[in-house]
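# Examination of the molecular architecture
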Amino acid sequence: MRKHIVAGNWKMNMTFSEADELLDELMSELEKVTLPRDTQVIVCPPFPYIEMASDYANDSYFTVGAQDVSEHEKGAYTGEVSAAMLESCEIDYCIVGHSERRAYHGETDAQVAAKVDQLLAHNLKPIVCVGEVLEERESGRQQEVVKRQVEGGLFHLDANQIQQVVIAYEPVWAIGTGKTATPDQAQEMHAFIRSLLKEKYGAAVADEISILYGGSCKPSNAKELFSNPDVDGGLIGGASLKAGDFMGIVTSF
Ligand code: PEP
């Protein structure tokens, strides 16, 4: 059965000591609860704090992810971090194709596909973000856009590889805006994504893939969002920066 996942994307926030404090709080909060065995908690801090997060994760109940990776194997790419480096730091997950990377860094579906390949080649699980902008939803093109992103970023993979991938549906108009997709809007898009996976890889494979919702998810709306059959958890931005809020979401299944 596919996993329930809550992944915190810290983005470019936190100093070293703030990160230390948050990880410490998170660890003690996680120690107090018993999560269902199929629930995976992932923390994606900025690169400089990956090692510290891994140290905490070693004796706790979460695992560590990166926020991005290079599409290249190695070499003269100043400032970039490779999948081989993440593998050597024993990182398990990595976000790719986040809408902020697509919007501010011009990341294309082909680059997302290349990053996914790098991660899989180095035994990391990609968390691949897809989602439409407001204008695309308002003109009824959200499924067309998401289909293009899913196909372009993922459909070169074989059936074994695709099962290593987590997909995050993040309507761009809901990210950091306080405006959340309704549970029905989320379920509709998640079911659509799963139908694409079913068509390409068959029902058994499609049923194994976790599809997360992202976009102003918080303790007050997580339960309703996660109760939908095709919503397998959340990718959390703002609310992952406070241990109490993040835990409120983690315990919403
Ligand atoms: C995100 O950026 O992945 C995200 C979901 O952000 P927020 O929760 O702040 O909307």
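To keep things clear, this report deals only with the structure shown in the data block.

What counts and how
- Residues numbered from 1 in each chain as written.
- Predicted model: local features only at pLDDT ≥ 70, side-chain atom pairs only at ≥ 80, totals over all residues.
- Heavy atoms only, no water.
- Helix = DSSP H or I, 4+ residues; strand = E, 2+ residues; numbered from the N terminus.
- Salt bridge = Lys/Arg side-chain N within 4 Å of Asp/Glu carboxyl O.
- Buried < 20%, exposed > 50% of the residue type's maximum accessible area, 1.4 Å probe, protein only.
- Phe/Tyr/Trp six-rings, centres within 6.5 Å; stacked < 30°, edge-to-face > 60°.
- Lys NZ or Arg CZ within 6 Å of the ring centre and 35° of its normal.
- Near = heavy atom within 4 Å.
- Polar contact = N/O pair within 3.5 Å; in protein donor to acceptor, adjacent residues only side chain to side chain.
- Areas by Shrake-Rupley, 256 points an atom, 1.4 Å probe, with all protein chains shown as cover.
- Nonpolar A, V, L, I, M, F, W, Y, C, P; charged D, E, K, R; others polar.
- Contact = heavy atoms within 4.5 Å.
- Pairing = 2+ DSSP bridges.
- Axes fitted to C-alpha atoms, helices over the stretch in contact; angles between N-to-C directions.
- Right-handed = clockwise from strand over helix to strand, strands pointing away.
- Core = buried A, V, L, I, M, F, W, Y, C linked by side-chain atoms within 4.5 Å.
- Left-handed = near helix turned anticlockwise from the far one by under 90°.

Within the chain, Asn 123 stands out as a residue other than glycine whose phi angle is a positive 65°. Structurally, the position occupied by Asn 123 is in the loop between α5 (109-121) and β5 (125-130). In this structure, Ser 216 takes a positive phi of about 55° despite not being glycine. Structurally, Ser 216 is set in the loop between β7 (211-214) and α11 (219-226).

In the structure shown here, the tally under the stated rule is 14 salt bridges. Arg 2 is paired through a salt bridge with Asp 232; the nearest N and O atoms lie 2.7 Å apart. Here Arg 2, found in the segment before β1 (4-9), pairs with Asp 232, found in the loop between α11 and β8 (233-236); they are 230 residues apart in sequence, far enough to count as distant. As far as the burial class goes, Arg 2 and Asp 232 line up, both buried. Put simply, Arg 2, Arg 194, Asp 230 and Asp 232 are held in one network by salt bridges that share partners.

Right, let's talk about the packing of aromatic side chains for a bit. This model, assessed by the stated rule, comprises 3 aromatic pairs. Both rings, one in Phe 226 and one in Phe 253, keep their centres 4.8 Å apart while their planes meet at 20°; by these two values the pair is stacked. With Phe 226 in helix α11 and Phe 253 in the segment after α12 (243-250), this pair connects stretches of sequence that are 27 residues apart. Cation over ring: Lys 200 sits above Tyr 201, and NZ or CZ is 5.9 Å from the ring centre.

Around the ligand sit 15 residues in total, of which Lys 11, His 98, Glu 170, Gly 176 and Ser 216 are the nearest. Between Glu 170 and the ligand, the recorded distance is 2.7 Å, taken from a side-chain N or O atom to an oxygen atom. Contact distances for the ligand include 2.8 Å between an oxygen atom and a backbone N or O atom of Gly 238. Surface burial for the ligand is 95%, taken as the share of its 290 Å² of free accessible area covered by protein chains. Grouping the constituent residues of the shell around the ligand by class yields 4 nonpolar, 8 polar and 3 charged.

Checked against the element boundaries, Asp 68 lands in the loop between β3 (62-66) and α3 (83-88). Taking relative accessible area as the criterion, Asp 68 reaches 11% and is therefore assigned buried. Side chain to side chain, Asp 68 and Arg 101 meet in a polar contact 3.3 Å long. There is a polar contact of 2.9 Å between the side chain of Asp 68 and the side chain of Lys 115. Excluding anything up to four places from it in sequence, Asp 68 contacts Phe 47, Leu 86, Cys 94, Ile 95, Arg 101, Glu 107 and Lys 115.

Take the sheet that holds β1 next. Taken together, the 8 strands give a closed barrel; going around it, the order is β1-β2-β3-β4-β5-β6-β7-β8, and neighbouring strands pair in parallel fashion. The mean inter-strand angle of the sheet, taken between neighbouring strand axes irrespective of direction, is 30°. Bridge count between β7 and β8: 2 bridges; the pairing is parallel. When the bridges of β8 are listed, Gly 214 appears paired with Leu 235.

Attention now goes to the pairing of β1. Counting buried positions along β1 gives 5 out of 6 residues, so the element sits mostly inside the fold. Where β1 meets strand β2 (residues 39-44), 6 bridges bridge the pair, whose relative direction is parallel. Paired with His 4 across the strands is Thr 39, a residue of β2. Read from β1 through helix α1 (residues 16-32) to β2, the crossover connection turns out right-handed.

The subject of this paragraph is the nonpolar core. In this structure, Phe 62, Leu 86, Leu 154, Ile 167, Ile 193, Leu 197 and Tyr 213 are the most contacted members of the largest nonpolar core, which totals 70 residues. Considering each element in turn, this core owes the most residues, 7 residues, to helix α9 (residues 183-201). Not counting the four nearest positions on each side in its chain, Phe 62 is found in contact with Leu 23, Leu 30, Val 41, Val 43, Ala 53, Tyr 56 and Ala 57. Residues Ile 42, Ile 95, Ile 127 and Leu 212 belong to the second largest nonpolar core, which totals 12 residues.

As a packed pair, α1 and α12 sit with axes 9 Å apart at the nearest point and diverge in direction by 40°. The handedness of the crossing between α1 and α12 is right-handed. Contacts between α1 and α12 involve Leu 22, Glu 25, Leu 26, Glu 29 and Leu 30 from the first element and Ala 243, Phe 246, Met 247 and Val 250 from the second. Taken together, the residues that form the contact of α1 with α12 break down as 7 nonpolar, no polar and 2 charged.

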